[in-house]
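# Inside the fold
Listed below are the residues making up each chain.
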Amino acid sequence: MITVSAPGKLMLFGEHAVVYGYPSIVTAVGQRMRATVELLDAPEFIVDAQDVDITSYKKKMTELGIGEIPKGVQFVEMALVNFSKKYPIMHGVYVKTASEFSSQFGFGSSSASTVCVIQACAALMGVNLSNKEFFDLSYQTVLDIQKTGSGFDVAAALYGGTLEFVKAGTLMEPLLLKEMPLIIGYTGVKADTTSLILDVKKKYENEPEKVKRIFEAITKIVTDAKQKMLEGDWERVGTLMNFNQEYLRDLGISTEKLEAMIAAAKHAGAWGAKLSGAGGGDCMIALAPPDKRKAVTDAITQVGGQVMDVPVNAEGVKVEKF
Ligand code: MEV
């Protein structure tokens, strides 16, 4: 039996553009998904995932990936399907998942559980996965289910820290940061990432030149932000967040609630703020000087946001108990 944990993620810069091959910056958040995995003698696949109301889901190992799979089991089951294509599993498998964060926040619980299950199976079966193989198996799992996405959530779960990331793991470069004065506010609204990606795709098809210009401008922001983050110039990074937010607004994915929280944060003294992720809800982020942190937190709360006390730059996937 083994217990593995992996962090959630937050997009700092470059969302949506990253789906089209442009760079992004992502950080891992210190709320973790945990999976306890055990190999069984009986050839059965059993899952308990209380957070998503799954109790004693059970099927034969020969039926893995076949038939209707409940939403709460999809990532765990498809992770096993993909792993066992390369490394046949001659046992039954029991998986129990537990999350420190709600799947509502958009912190990437699905990709974190995928990464946990693959790490657990590899360790239990004595398979030494290269980082590339590990990423590819996990990303394939996410694509099998979501059909779309850059894979940044998989990279954050796997490597942790803060990364410059390009689609499909073409580039995954750690940014070595000492601190990041980030404030995270949850809108209370669960975003539908896939439909927001499709909205942007439609916009891209209707106005390719305009959207391309937006993505190129975002790329310039990502490049500058990376440099300023490494220099610790958080005031400038905040300003770059404001620029990035303007382009995200142009893409049509911001909402009134996100805008209210962003405006409140800036009004209370944040250096900058933007939405984080697909838009349509989920979280916003802000950077603020230490003496303004409380005012910014209060301001976000006053307009109905929920400030999350979550460390960023968190450790990647790790074995907790073996
Ligand atoms: C969603 O959190 C961020 C997007 O860029 C999608 C992705 O990169 O997979 C919109």
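What comes next concerns the included structure. (Residues numbered from 1 in each chain as written. Predicted model: local features only at pLDDT ≥ 70, side-chain atom pairs only at ≥ 80, totals over all residues. Heavy atoms only, no water.)

### Considerations on the overall build of the protein
A count of helical and extended segments in the protein gives nine helices and twelve strands. Once the C-alpha set of the protein is aligned to its principal axes, its extents read approximately 60 × 45 × 35 Å. Relative to its 322 residues, the protein shows a buried fraction of 56%. Considering only contacts within the protein whose residues lie at least 6 apart along the sequence, 72% involve residues at least 24 apart. Accessible surface for the protein amounts to roughly 13,800 Å². Of this, 51% is attributable to carbon and sulfur atoms. (Helix = DSSP H or I, 4+ residues; strand = E, 2+ residues; numbered from the N terminus. Buried < 20%, exposed > 50% of the residue type's maximum accessible area, 1.4 Å probe, protein only. Contact = heavy atoms within 4.5 Å. Areas by Shrake-Rupley, 256 points an atom, 1.4 Å probe, with all protein chains shown as cover.)

### Digging into the sheet that holds strand S9 (residues 272-276)
Strand-to-strand pairing in sheets goes through backbone hydrogen bonds, with the strands running parallel or antiparallel. With respect to topology, four strands assemble into an open sheet ordered S9-S10-S8-S11, the strand pairing being antiparallel. The open sheet has two edge strands, S9 and strand S11 (306-308), and neither has a second partner. Each neighbouring strand pair of the sheet contributes to a mean axis angle of 30°, computed without reference to strand direction. Where strand S8 (residues 182-186) lies against strand S10 (residues 283-287), five bridges are found, and the strand directions are antiparallel. Across the sheet, Leu182 pairs through a bridge with Leu287, a residue of S10. The sheet contacts of helix H8 (residues 256-267) involve S8, S9 and S10, and relative to S9 the element is tilted by about 160°. Its contacts with the sheet put helix H9 (residues 293-302) on S8, S10 and S11, and the angle it makes with S8 is roughly 10°. (Pairing = 2+ DSSP bridges. Axes fitted to C-alpha atoms, helices over the stretch in contact; angles between N-to-C directions.)

### Let's talk about the packing of H8 against H9
At a minimum axis separation of 8 Å, H8 and H9 run at an interaxial angle of 150°. As summarised for this structure, H8 and H9 are arranged roughly antiparallel, according to the angle between their axes. Where H8 crosses over H9, the two elements pack in a sense that is right-handed. Contact residues: Met261, Ala264 and Ala265 in H8; Val296, Ala299 and Ile300 in H9. (Parallel < 35°, antiparallel > 145°, perpendicular 65-115°, else oblique. Left-handed = near helix turned anticlockwise from the far one by under 90°.)

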